[in-house]
Amino acid sequence: MPEPTPAEKKPERRLVGVAAAPGVAHGLAFVFLHKSLDVPQYAVSESALAAEEHRFSEALIASRRQISLLRDKVASELGEKEAEIFDSHLMTLDDPALVGETLKMLHAERLNIEHCFRFVTRKYLGFFGRLEDSFVRERAADVRDVAKRVLDNLLGMHGASLSEIADRHIVVAADLSPSDTASIRKDSVLAFVTDSGNRTSHAVIMSRSLRIPAVVGLLEATSLIRPDDDLLVDGYEGVVYVNPSEETLWSYGRVENARSVFRQKMLGETDLPNVTADGLPFVLSANVNGADEMPAVLSCRAQGVGLYRTEEFFFKDTRHLPSEEEQYARYAATVAAAGGEPVVIRTLDVGGDKPHEALFGANFKDPNPFMGLRAVRVCLERPEVFRAQLRAILRAGTSGPVKILVPMIASAEEMLQVRAFMEETKAELRRDGLAFSENIPLGAMLEVPSATLCVDILARHCDFFSIGTNDLVQYLLAVDRGNGRIAHLYEPCNPAILRVLRDTIHTAKRHGVPIGVCGELAGTRTFAPLFLALGADSLSMTPALVPEIRYLLRRTTRAALDELAGRVFSETSPRGIKAVLHAFASERMV
Ligand code: PEP
Ligand code: MG
C-alpha cells in the first residue's frame, strides 16, 4: 500500500456505508464533484473587480489547457473523429457572448465571478432547453461541460472528469454515473467512495468488474472528506477511515495479510472441477462488459459468459450510438475470446439509473426512471436501435456459441414481440447476404415480479431464463436499488424474496427450461449455495468472485444443501435467514 504522508496528522474519523466492491485501499482523496457545484455568491468591492477578472481569465486558460490535452489524448488513442467533441468545447470556451456577458454582469452587479459565470451559462442552458433541435441539444451539452470545467477551475476543485485523475487516488463523489465509471483509467483509481448508491447500482457493478474496492451509501462523504485527505477504504466491511491512525493502518495490514493468504488458498483450486464434495456438478460463468474482461474470465476458469452487459460500450460516448459494425466487432471479439464456451449477450438495458443522452435527449427526465422507459421497453420503442444491436449479435454468432438475453421482460407479449422482431431481423440479414447464426437461443431475464409469476407461460416462448436479483429485489420490495438513504431496506433475506426465488426456479425446472442466476446475489457466499440447493442450473458473477464461490460450493454436498433449504424456509425473519446462510458459508470458508 502507498504511504501518504500528510503534513500534519488530523484526527481519525470512521464512516460507515454499504460494502459495495471488495478490497482494501489506502490513498489520498480526489473529491469529484459530479452534481451541482456549491457556487458561492458574495459582493465584491470596486477595487477587487480587476482581481476577479484575472481569476476568470486564469480559469479560462487552465480550462483551455485541460481540454487541449484531453483532445490530443483522445485523438491519439481513439482517432480524430472521436476528438472532435473537444474542438467544440474549445469553441464554446472562446464564445464572446458567454465571456462578454459574464464580465458585463461582474461590473454591473459587483458579484463574484463564479456566480456571474454560472448565472450566464444557466441562462443559455435554459434557452437551449426550450428548443427541440438535436444540434442545439449538442450545443447545450458543450456549454454544460465547459461551464462545469471553468467553475471547477475557479473553485479550485478537481471535478471535470474521472479520466483526468493523474495518479492513484481514491475517488469521493456524491454519486457516480455509468458514464463516469466508464471514463476512468483503471490504474488511476484506487477505490470509490460515494454518498449515494448501494451494492447493485450500475456504476458500482462496473467498479466491481474493474476490481476497484467501493464503499457507497455514506450519505455525507463529500462534505466530510476534503481533497487530499488520507483515506483507508475497506470494501469488505463498508467502512472508510478518514485520516486513519497508525494503529488502524497497522491492524488493517494484518487483516489484509490474512485475507491474501486465504485468497491464495482459494486460487489454488482454480483448476479443480466444479463439483460438490459428493460429485454434483455446478456451472459458474462470468458477468462482463466486453472483450477486455475475457482474460480474467479465462484465468478464473469461468464456464463462459453468463451475462454480457452491452451498455458499457454505449456509454463510452453518450452523444452517439455505436453503429452495427462497431457493435459487431466488439461482440465478435468477446465471443471469439471465450474459446468455444457460450456467451450470453444481453440486449441494451439503458434507462433507469443509466440514462443515455443520444437515445433520450439531454433534457429527458423520466419521472420514475426504474419504472419508466428502460431496457426492452426502449428497444421496442426504438426499433432502429434494437435492429442494429440484434443484427450485430446474430452476426457475432458465427464466431462461437451465443445466446441472447432480454432484460426487464414483464409479460409473454413482450417476449413474443421480441421473438417476432428477431425473426424479421434474420430475414433482413438473409436478404443482405450477411453471415449469421440461425440457432441462437433467446432467453428472458426474470427481474420483474410479474414475469416470475408467469414463468409457466413465459416458458413456452423462452429457451432459457436468467434471474436478475438486483432488480427483482428492488421491484419486489419497492426499494430503489440506487438510493443510499434506503439501502438498509434493500434486504434480499426478506422471506418474500426467498419464496419468489424458490418458486421461480421450481416452475422453470418443471417446464424443462434451464434457469440461471446472474444478479449480484449469485456471487455471494450466502446465496450461492442456496441457489444450488434450489436447483439453479448456473450462477454468473464478476470473474473475481468465481474462485471464492467455487471453493465454497466444492465443500457442500447434496444432503447439506437440502438441509440448508429446509432450515432457511423454516425461518420467518431476515435476521434468522441471514444467520442460517452465514453459518453455512462460514463453516466452509476456512
Ligand atoms: C439484475 O438486475 O440482477 C441484473 C443482473 O441486471 P442489472 O444489474 O444490469 O440490472
Ligand atoms: Mg437488471
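Asks: I keep staring at the packing of helix H23 (residues 558-570) against helix H24 (residues 574-588) and nothing clicks. Help me out?
Replies: For any two helices packed against each other, the geometry comes down to the angle between their axes and how far apart the axes lie. Between H23 and H24, the least distance of the axes is 9 Å, while the angle of their chain directions is 160°. If you check the angle between H23 and H24, you find them roughly antiparallel. Regarding H23 and H24, the two cross each other, and that crossing is right-handed. Contact residues: H23 offers Ala-560, Leu-561, Leu-564, Arg-567 and Val-568, while H24 offers Ile-577, Val-580, Leu-581, Phe-584 and Arg-588. Residue composition of the contact of H23 with H24, by class: 8 nonpolar, no polar and 2 charged.

Asks: Mind showing me how you'd approach H23 here?
Replies: Along an α-helix, a turn takes 3.6 residues, which lines up residues three or four apart on a common side. Compared with the 18 Å implied by 1.5 Å per residue over 13 residues, the 19 Å span of H23 between its first and last C-alpha is a close match. Among the residues of H23, Ala-560, Leu-561, Leu-564, Ala-565 and Val-568 are the ones counted as buried. Buried residues of H23, viewed axially, fall in a sector of 140°; they line one side. Facing away from the buried side of H23 by more than 90 degrees, the exposed set consists of Ala-559, Glu-563 and Ser-570. Buried residues along H23 sit against helix H20 (495-510), helix H21 (527-534) and H24.

Asks: It is not clear to me how the packing of aromatic side chains should be interpreted in this structure. Could you clarify?
Replies: Two aromatic rings are characterised by how far apart their centres lie and by the angle between their planes. For the structure on display, the rule yields 7 aromatic pairs. When the ring of Phe-527 is compared with that of Phe-531, the centres are 5.9 Å apart and the planes differ by 40°; the resulting orientation is tilted. Placement of both Phe-527 and Phe-531 in helix H21 is noted, with a separation of 4 residues, approximately one turn of the helix. Given a relative accessible area of 0%, Phe-531 falls into the buried group. Over the face of the ring belonging to Phe-464 we find Lys-403, whose NZ or CZ atom lies 5.4 Å from the ring centre. Of note, Arg-555 hangs over the ring of Tyr-551, and the distance from its end group to the ring centre comes to 3.6 Å.

Asks: Hey, could you run me through the coordination of the magnesium ion (ligand 2) in this one?
Replies: The coordination sphere of the magnesium ion (ligand 2), as far as protein atoms go, consists of Glu-447 (OE) and Asp-471 (OD), spread over 2.0 to 2.1 Å. Of this pair, Glu-447 sits in the loop between strand E13 (442-446) and helix H17 (449-453) while Asp-471 sits in helix H19 (residues 469-477), and the two are 24 residues apart along the sequence. An identical accessibility class is assigned to Glu-447 and Asp-471; each is buried.

Asks: Is there a simple way to explain H24 in this structure?
Replies: With 15 residues, H24 extends 22 Å between its outermost C-alpha atoms, agreeing within 8% with the 21 Å of an ideal straight helix rising 1.5 Å per residue. For H24, every residue scored as buried is listed here: Gly-576, Ile-577, Val-580, Leu-581, Phe-584, Ala-585 and Arg-588. Angular distribution of buried residues about the axis of H24 spans 165°; they occupy a single face of the element. Exposed residues lying more than 90 degrees from the buried face of H24 are Arg-575 and Glu-587. Check the buried side of H24 and you find it contacts H20, H21, helix H22 (546-553) and H23.

Asks: Would you explain the site of ligand 1 in this entry?
Replies: Around ligand 1 sit 16 residues in total, of which Arg-309, Arg-346, Gly-468, Asn-470 and Arg-481 are the nearest. Between ligand 1 and the protein, one listed contact pairs an oxygen atom with a side-chain N or O atom of Arg-346 at 2.8 Å. Within the backbone of Thr-469, an N or O atom sits 3.0 Å from an oxygen atom of ligand 1. Surface burial for ligand 1 is 100%, taken as the share of its 290 Å² of free accessible area covered by protein chains. Looking at the shell around ligand 1, the elements with two or more residues in it are helix H7 (202-209), strand E10 (305-309) and H19. Of all the elements, H19 adds the most residues to the shell around ligand 1, at 3 residues. Here the residues of the shell around ligand 1 are counted per class, giving 4 nonpolar, 5 polar and 7 charged.

Asks: Looking at this structure, I do not really get the side chain of Thr-310. What am I missing?
Replies: Among the structural elements, Thr-310 can be located in the loop between E10 and helix H11 (311-314). Classification of Thr-310 by relative accessible area gives buried; the value is 1%. A polar contact of 2.9 Å, which involves the side chain of Thr-310, links it to the backbone oxygen of Arg-346. With residues up to four places along the chain from it excluded, the contact list for Thr-310 reads Tyr-331, Ile-345, Arg-346, Thr-347, Leu-348 and Gln-389.

Asks: What should I look at first to understand the nonpolar core in this one?
Replies: Judged by nonpolar contacts, the single largest core of 94 residues is most densely connected at Leu-458, Phe-465, Phe-527, Phe-531 and Leu-539. Ignoring any residue separated from it by four or fewer positions in sequence, one finds Leu-539 in contact with Val-283, Leu-284, Ser-285, Val-517, Ala-522, Ala-528, Phe-531 and Leu-553. Counting residues in hydrophobic clusters, the runner-up holds 27 residues, among them Val-39, Leu-98, Phe-117 and Ala-140.

Asks: Which parts of the structure should I look at to understand the pattern of salt bridges?
Replies: Oppositely charged side chains can form a pair if their charged atoms are brought close together. Counted by the stated rule, this structure contains 34 salt bridges. Close ionic contact of Asp-271 with Arg-301 constitutes a salt bridge, the shortest N to O distance being 2.7 Å. One end of the pair, Asp-271, is in the loop between helix H9 (246-267) and strand E9 (284-288); the other, Arg-301, is in the loop between helix H10 (294-299) and E10, with 30 residues separating them in the sequence. With a relative accessible area of 56%, Asp-271 lands in the exposed category. Between Lys-509 and Asp-537 there is a salt bridge; the shortest N-O distance is 2.8 Å.

Conventions adopted
Residues numbered from 1 in each chain as written. Chains lettered and ligands numbered in written order. Predicted model: local features only at pLDDT ≥ 70, side-chain atom pairs only at ≥ 80, totals over all residues. Heavy atoms only, no water. Axes fitted to C-alpha atoms, helices over the stretch in contact; angles between N-to-C directions. Helix = DSSP H or I, 4+ residues; strand = E, 2+ residues; numbered from the N terminus. Parallel < 35°, antiparallel > 145°, perpendicular 65-115°, else oblique. Left-handed = near helix turned anticlockwise from the far one by under 90°. Contact = heavy atoms within 4.5 Å. Nonpolar A, V, L, I, M, F, W, Y, C, P; charged D, E, K, R; others polar. Expected span 1.5 Å × (residues − 1). Buried < 20%, exposed > 50% of the residue type's maximum accessible area, 1.4 Å probe, protein only. Arc of directions from axis to C-beta. Phe/Tyr/Trp six-rings, centres within 6.5 Å; stacked < 30°, edge-to-face > 60°. Lys NZ or Arg CZ within 6 Å of the ring centre and 35° of its normal. Donors = N, O, S within 2.8 Å, 3.2 Å for Na, K, Ca; no water. Near = heavy atom within 4 Å. Polar contact = N/O pair within 3.5 Å; in protein donor to acceptor, adjacent residues only side chain to side chain. Areas by Shrake-Rupley, 256 points an atom, 1.4 Å probe, with all protein chains shown as cover. Core = buried A, V, L, I, M, F, W, Y, C linked by side-chain atoms within 4.5 Å. Salt bridge = Lys/Arg side-chain N within 4 Å of Asp/Glu carboxyl O.

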